Every structure is written in C-alpha cells, then in structure tokens.
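Secondary and tertiary structure notes
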Amino acid sequence: MEKPYGLTMRSIVKNDEGKILVLRRHPKSKTNPHKWELPGGKIEKGEFFDEALIREVKEETNLDVKVGDFCEAVQDDYPHKRTVQLIMYSKDITGEVKISDEHDDWMWASADEIKSLEITSSLEKIIEKRNGEL
C-alpha cells in the first residue's frame, strides 16, 4: 500500500533583528524528536492554507502573524506517511513567544546558527535549496 500524503504549512518568523524563530520538538514526538524546526503544522480538511498557517503559528508560539510571501516547498518521507511542506514568510508579527507542549525549547537564531543545530530533514532541505539564506 502506498503511503498517504499530508500537507503542512511552516512559517519563517523573523524578529526585529532578522533572527528566525525555531522550535525544538518534544523528545517523545513521533517524528523528528528533539530536532529543531520552523513553527507550523498540518492543514485540516477544508482549511485554507493561510488560515492553517496562522492557526498553527498561534497554537505553537502564541504569536499572531499575517501570511507573507512564499519561500519554498519540500517533501519529507516518513515510515507511515509522506508530507509536502509549504514554507511561507510571516509578517506583522505581534505577541510574546510561549510554546505549546509539542515543543520543549525555542530560540531566535540566525541562518548560520540554525545550520549548527540538530534540525529536521525538511529544514535542512529548505536551507540547501535556498543556498543558506532564509
């Protein structure tokens, strides 16, 4: 049987210094435990992409954002599913970061700092496709 596809939205959220918000997945996570990733998550059935991104960023970080420009798309293959991730820039960011139980840590990091972290394969692919620029 072929693995099903899932669609995920991720956001590049930057602070006033141009640093990017990354979150570390909980060590008990089913996929990518204890790896760093961009905020975001799955699109629910019938949900628009922009609504999903705004909802997921709010759920995971407590930040309110508006959807900016498209950044990149990548595919990840897991034992139980495949995912396509659409990565968008966020803009008009307000609020203070407070992470959900899905993650156990967060930081604002430069692209170079992110490269030195243990990151998800999808974030690695994004960085590679963008020649290190986010």
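Below is a summary of the structure that appears in this document. Treat the numbers as computed from the prediction; the structure is a model and nothing was measured. (Residues numbered from 1 in each chain as written. Predicted model: local features only at pLDDT ≥ 70, side-chain atom pairs only at ≥ 80, totals over all residues. Heavy atoms only, no water.)

All right, on to the overall build of the chain then. Tallying secondary structure elements over the chain gives three helices and seven strands in all. Scaling as 2.2 N^0.38, a compact globule of 134 residues should have a C-alpha radius of gyration of about 14 Å, and the chain matches this with 14 Å. Its C-alpha atoms give the chain principal-axis dimensions of about 45 × 35 × 30 Å. Sequence separation of 24 or more characterises 65% of the internal contacts of the chain that already satisfy a separation of 6 or more. (Helix = DSSP H or I, 4+ residues; strand = E, 2+ residues; numbered from the N terminus. Rg over C-alpha atoms; globule rule 2.2 N^0.38 Å. Contact = heavy atoms within 4.5 Å.)

As summarised here, the arrangement of the four strands in space is β4-β1-β6-β5, forming an open sheet in which the pairing is mixed. Of all the strands in the sheet, just β4 (40–42) and β5 (64–77) have a single pairing partner and so form its edges. Each strand of the sheet is rotated relative to its neighbour by a mean of 20°, with strand direction disregarded. By the bridge criterion, three bridges tie strand β1 (residues 5–12) to β4 in an arrangement that is antiparallel. Directly across from Arg 10, in β4, lies its bridge partner Gly 40. Its contacts with the sheet place helix α1 (residues 49–61) against β1, β4, β5 and β6 (82–94), and it is angled at close to 65° to β1. (Pairing = 2+ DSSP bridges. Axes fitted to C-alpha atoms, helices over the stretch in contact; angles between N-to-C directions.)

Our focus in this paragraph is α1. For α1, which comprises 13 residues, the first-to-last C-alpha distance of 18 Å matches the rise-based estimate of 18 Å (1.5 Å per residue) to within 8%. Every buried residue of α1 is accounted for by Ala 52, Leu 53, Arg 55, Glu 56, Val 57, Glu 60 and Thr 61. Check the buried side of α1 and you find it contacts β1, β2 (20–25), β4, β5, β6 and β7 (103–109). (Expected span 1.5 Å × (residues − 1). Buried < 20%, exposed > 50% of the residue type's maximum accessible area, 1.4 Å probe, protein only.)

Our focus in this paragraph is the sheet that holds β2. As summarised here, the arrangement of the three strands in space is β3-β2-β7, forming an open sheet in which the pairing is antiparallel. The open sheet terminates on both sides in strands that have one partner only, identified here as β3 (36–37) and β7. Direction of pairing for β2 relative to β3: antiparallel, over a ladder of two bridges. When the sheet's bridge partners are listed, Arg 24 is paired in β3 with Trp 36.

The subject of this paragraph is the nonpolar core. Counting residues in hydrophobic clusters, the biggest one holds 16 residues, and the most contacted among them are Ile 12, Leu 38, Ile 87, Ile 114, Leu 123, Ile 126 and Leu 134. For this core, the secondary-structure elements that each account for two or more residues are β2, β5, β6 and α3 (121–129). The leading source of residues in this core is α3, at three residues. Aside from chain neighbours lying at most four places away, what touches Ile 114 is Ile 20, Val 22, Ala 109, Ile 119, Leu 123, Ile 127 and Leu 134. One finds Val 13, Leu 23, Leu 63 and Val 97 within the second-largest nonpolar core, a separate group that totals 13 residues. (Core = buried A, V, L, I, M, F, W, Y, C linked by side-chain atoms within 4.5 Å.)

Here we take up the environment of Ser 11. Within the secondary structure, Ser 11 is located in strand β1. Residue Ser 11 is classed as buried on the basis of its relative accessible area, which comes to 0%. Through-space distance from the C-alpha of Ser 11 to that of Val 22 is 9.7 Å; in sequence the pair is 11 residues apart. Every residue in contact with Ser 11, bar those within four places of it in the chain, is listed here: Leu 38, Pro 39, Leu 53, Val 57, Met 88, Tyr 89 and Ser 90. Polar side-chain contacts of Ser 11 include one of 2.4 Å to the side chain of Ser 90. (Polar contact = N/O pair within 3.5 Å; in protein donor to acceptor, adjacent residues only side chain to side chain.)

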